[in-house]
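The residues making up each chain are set out below.
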Protein chains: 2
Amino acid sequence: MARLDNCIAMMDEGIGRMREVIPHLPAEQVTLCRLMVMVGARLDDGLGEQIRQHQLNHSEFLTLVMLHSRPDGSSTPGELCEFTSQGSTNMTRIGNALVKRGLISRGASVEDRRCVLMRITAAGRRFVQKLLPPMFPRVEAMFAGFSATDRRQLSRLLRKLARNLDQLDADDAS
Amino acid sequence: MARLDNCIAMMDEGIGRMREVIPHLPAEQVTLCRLMVMVGARLDDGLGEQIRQHQLNHSEFLTLVMLHSRPDGSSTPGELCEFTSQGSTNMTRIGNALVKRGLISRGASVEDRRCVLMRITAAGRRFVQKLLPPMFPRVEAMFAGFSATDRRQLSRLLRKLARNLDQLDADDAS
DNA sequence: AATTCATATTTCACCAGTGAAATAAATTCT
DNA sequence: AGAATTTATTTCACTGGTGAAATATGAATT
């Protein structure tokens, strides 16, 4: 796989040439877009590899960790769909996979019996708690050389970007 | 689709609870990771929608724009694979699709006759130049409220993160 | 009680990308 | 000249996810 650094250099050159052909190209913003997508995807790939070693795919992992981090360790498929950006079809499949491995249980909700409750099991919790710590060194290494201010800035800017994206989606919808 | 803002709030709460269970969790870095992935993916989705209106998928678009931004408008499959993070199998398919639409041409290279040269056609250039400008307003809106300093900071931090990720990949390989 | 709405599952056809293996052709090495 | 290497294509089985439609069931509305 190409180093990110090369891809970025290639992009910088490409955008440099593009702006000569397309006069009103917002070069700085386009660059930031591409950086976000490239770096975000690569970051995800690296972690995905660690996850795959545990026979989990990305969505299954996310769903499981999501449940683990809920106050009561449970949620409904609909809610999980929303926060993992999955379709309901896929959520059903994810549920099947996790239930089969004994990491979660699934049953009708007591309050609203048409809801299904997915709940992490004790085995599921153990699994997550064993799975996560080995990922920490990599996560920390990603931000090596980032000062406390750098981290705060990045967090601030990403959250700001997120708000703008929400706004754009809202505009699209209306 | 859930607003990014909700997802982020949910994540913040989740990580807050997690750190009580897992003592040495690098909460700040994990948060940044998740932010990068979530925001990057959402950003991509929004643009992907605009691209799909032109009967192009993400990779085809990237490949085409890549060619357009090269000095001579041409490249080899291998090179394009590298910079678009595609497998060669897929690159062949992308080439087929773009050739069929007359946006690129494909033929043996003169210098090295085992290389294939993919070159954007005049029609391809027109297509790209008509396709891009409508995307600019969205791209600009994404960074609404970003000061020049904000943009420079974000660029700096993303490039720094990219270098760290390259370093991690290099370490993995060795 | 009947209708409407909400939640979830299942099935199905589909899209996009992966990874390995076999093939082909051209180049480089020795 | 012969062998090894590089580049690309093709085929194939696979993974992961999408989107629509049909079904079922429970809850809310009237």
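Residues numbered from 1 in each chain as written. Chains lettered and ligands numbered in written order. Predicted model: local features only at pLDDT ≥ 70, side-chain atom pairs only at ≥ 80, totals over all residues. Heavy atoms only, no water.

1. Quick look at the overall build of chain A
Cut-off, in case you're wondering: Here a helix means four or more residues in a row that DSSP labels H or I, a strand means two or more in a row labelled E, and each is numbered from the N terminus. Computation of the radius of gyration draws on C-alpha atoms, with the globule rule given as 2.2 Å multiplied by the number of residues to the power 0.38. When checking whether two residues touch, look at their non-hydrogen atoms; a contact exists if any pair is within 4.5 Å. Residue exposure ignores everything except the shown protein chains as possible cover, and the areas themselves are Shrake-Rupley values with a 1.4 Å probe. Residues scored as charged are limited to Lys and Arg (positive) and Asp and Glu (negative), so that His and the chain ends carry no count. Just so you know, the charge point we use is NZ for Lys, CZ for Arg, CG for Asp and CD for Glu.
Check the secondary structure of chain A and you find eight helices and three strands. Along chain A, from the amino end to the carboxyl end, the secondary structure elements read α-α-α-β-α-α-β-β-α-α-α. Over its C-alpha trace chain A gives a radius of gyration of 20 Å, far above what one expects of a compact globule, namely 16 Å for 174 residues. Counting only C-alpha atoms and orienting by the principal axes, one finds that chain A spans roughly 60 × 45 × 30 Å. Sequence separation of 24 or more characterises 54% of the internal contacts of chain A that already satisfy a separation of 6 or more. In the form shown here, chain A has an accessible surface area of approximately 8,500 Å², with 51% of it arising from carbon and sulfur atoms. In chain A, the 24 positive side-chain charges and the 20 negative ones have mean positions that sit 8 Å from each other.

2. Regarding the relation of the copies chain B and chain A
Counted only if it meets this: To line up the copies, we fit them by least squares on C-alpha atoms, keeping just the residues with pLDDT of at least 70 in both.
When chain B is brought onto chain A, the operation consists of a screw motion whose angular component is 180° and whose axial shift is 0.0 Å, with 0.0 Å RMSD remaining. Read as a symmetry element, the transformation amounts to a two-fold axis. The rotation axis passes nearest to the C-alpha of Gly40 of chain B in chain B, at a distance of 2.7 Å. When the interface residues of chain B are mapped onto chain A, 100% of them again lie at the interface, so the same face is used by both copies.

3. Focus on the interface of chain B and chain A
So the rule is basically this: Take the accessible area each of two parts loses on contact, using a 1.4 Å probe, and add the two losses: that sum is the buried area. Throughout this description, the term salt bridge denotes a Lys or Arg side-chain nitrogen within 4 Å of a carboxyl oxygen of Asp or Glu. Two N or O atoms count as a polar contact when they lie within 3.5 Å, although within protein this holds only if one can serve as hydrogen donor and the other as acceptor, and sequence-adjacent residues are included solely when both atoms are side-chain atoms. Three classes are used: nonpolar for Ala, Val, Leu, Ile, Met, Phe, Trp, Tyr, Cys and Pro, charged for Asp, Glu, Lys and Arg, and polar for all others, with Gly counted as polar.
Between chain B and chain A, the contact holds 79 residues from the first and 79 residues from the second. Here chain B and chain A share an interface that buries about 7,600 Å² over both sides, 70% of which is from carbon and sulfur atoms. Interface area lost by chain B to chain A is led by Leu32, Arg159 and Asp166 of chain B, which between them contribute 8%. The tally of links from chain B across to chain A stands at twelve salt bridges. Ionic pairing is found between Asp150 of chain B and Lys160 of chain A, a salt bridge with its closest N-O pair at 3.8 Å. Joining chain B to chain A, the criterion identifies 18 residue pairs in polar contact (both at pLDDT 80 or more). Residue assignment for the side of chain B that touches chain A shows that the elements contributing at least two residues are helix H1 (4–21), helix H2 (27–52), helix H3 (58–68), helix H4 (77–84), helix H6 (122–131), helix H7 (136–142) and helix H8 (148–173) of chain B. A per-element tally of the side of chain B that touches chain A places H8 of chain B first, with 21 residues. In the side of chain B that touches chain A, the residues fall into 43 nonpolar, 14 polar and 22 charged.

4. A short note on the domain arrangement of chain A
Stated formally: An automatic or database domain assignment supplies the start and end points of every domain.
According to the domain assignment, chain A contains domain 1 (1–53) and domain 2 (58–131). Here domain 1 of chain A and domain 2 of chain A have C-alpha centroids that lie 34 Å from each other.

5. Here's the deal with the sheet that holds strand E3 (residues 116–120) of chain B
Residue and element names in this part refer to chain B. Quick reminder of the rule: The pairing criterion for strands is at least two bridges between them, as found by DSSP. Between the N-to-C directions of two axes lies an angle of 0 to 180 degrees, each axis being a line fitted to C-alpha atoms and, for a helix, fitted only over the stretch in contact.
One open sheet accounts for three strands, arranged E1-E3-E2; its pairing is antiparallel. At either end of the open sheet lies a strand with only one pairing partner, and these are strand E1 (74–75) and strand E2 (104–108). The pairing of E1 with E3 spans two bridges and is classified as antiparallel. Bridging across to E3, Ser75 finds its partner in Met118. H3 rests against E1, E2 and E3 of the sheet, and its axis sits at about 85° to E3. Packing against the sheet, helix H5 (residues 88–100) makes contact with E2 and E3, and its axis sits at approximately 120° to E2.

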